[in-house]
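Chain by chain, the residues:
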Amino acid sequence: MSILKIAQLGNPVLRQETSSLSSKDIMTPYVQKLIDDMVETMREYEGVGLAAPQIHEPRQITVIESAGSVRYPNTMNIPLTVLINPVITWYSEEKADGWEGCLSIEDFRGLVPRSTSVRVSAMDRKGKSVSINATGFFAVVLQHEIDHLNGTVFIDRIKDLKTLSFFSEYERYWVKDVKEK
Ligand code: ZN
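Residues numbered from 1 in each chain as written. Predicted model: local features only at pLDDT ≥ 70, side-chain atom pairs only at ≥ 80, totals over all residues. Heavy atoms only, no water.

> Can you explain the coordination of the zinc ion? Please cite residues and give values.
Bound to the zinc ion on the protein side are C102 (SG), H144 (NE2) and H148 (NE2), at distances that span 2.1 to 2.3 Å. We note that the donor set of the zinc ion lies within a single chain, spaced as C-x41-H-x3-H. Of this pair, C102 sits in the loop between β4 (95-100) and β5 (108-115) while H144 sits in helix α3 (residues 136-148), and the two are 42 residues apart along the sequence. A relative accessible area of 7% means that H144 is categorised as buried. (Donors = N, O, S within 2.8 Å, 3.2 Å for Na, K, Ca; no water. Helix = DSSP H or I, 4+ residues; strand = E, 2+ residues; numbered from the N terminus. Buried < 20%, exposed > 50% of the residue type's maximum accessible area, 1.4 Å probe, protein only.)

> Quick rundown of the packing of aromatic side chains? Include the residues and the values.
Counted under the stated rule, the structure contains 4 aromatic pairs. Consider the rings of W99 and W174, whose centres lie 5.2 Å apart with planes at 55 degrees: the pair is tilted. Separated by 75 residues along the polypeptide, W99 in strand β4 and W174 in helix α4 (residues 167-174) bring together distant segments of the chain. Given a relative accessible area of 27%, W174 falls into the partly exposed group. A connected cluster of aromatic rings, assembled from ring pairs, spans W99, F167, Y170 and W174. (Phe/Tyr/Trp six-rings, centres within 6.5 Å; stacked < 30°, edge-to-face > 60°.)

> Outline the nonpolar core, listing residues and values.
If you look at the biggest cluster of nonpolar residues, it comprises 19 residues, and the most contacted ones within it are I35, M38, L50, I55, I61, V63 and I84. Going through the elements one at a time, α2 (29-44), β2 (61-66) and β3 (78-91) are the ones with two or more residues in this core. Leaving out residues up to four positions away in the same chain, I61 has contacts with L21, V31, L34, I35, M38, L50, A51, A52, L83, I84 and L149. The next biggest cluster of nonpolar side chains, apart from the first, holds 17 residues, and it includes L83, V118, V120 and A139. (Core = buried A, V, L, I, M, F, W, Y, C linked by side-chain atoms within 4.5 Å. Contact = heavy atoms within 4.5 Å.)

By themselves, these observations are geometric and do not establish any function.
In structure tokens, the structure reads:
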């Protein structure tokens, strides 16, 4: 397995259209290795999710996992989830503001409104159809990662750009306002 280089904001790959994968594509050694490398890269940089455009592959693949993340303490655990061609088929009308960061926008945090629940249809790494109902932190991570597959990053969704902060200043001035889950 290899740790991959993460594209940073400004790299056009983050804004590019992504291609979907057939179940035959998914089973190729190339894509299986790509998935393993994405998982290793996400763990190395202590992310809770990684989308393929972030590692310079404009394809509809995302990996998600959270287990005592250093970048996101006090959040729920999410088991390793690999999603191919994920589509959000339902959003709750109820939304909540939460602080987000991104491995492609290093050192920044911003307050983003997201639906508190979503339903996602996708394929797993074996090409099997899966349907996920998620709430809370998992729902937020799904929306963040699936946005990447559509060329959208979290700063596009910040309601009030005055909340955009360097991580150090977020910790200094904003973190006290963050509700612990
Ligand atoms: Zn991101």
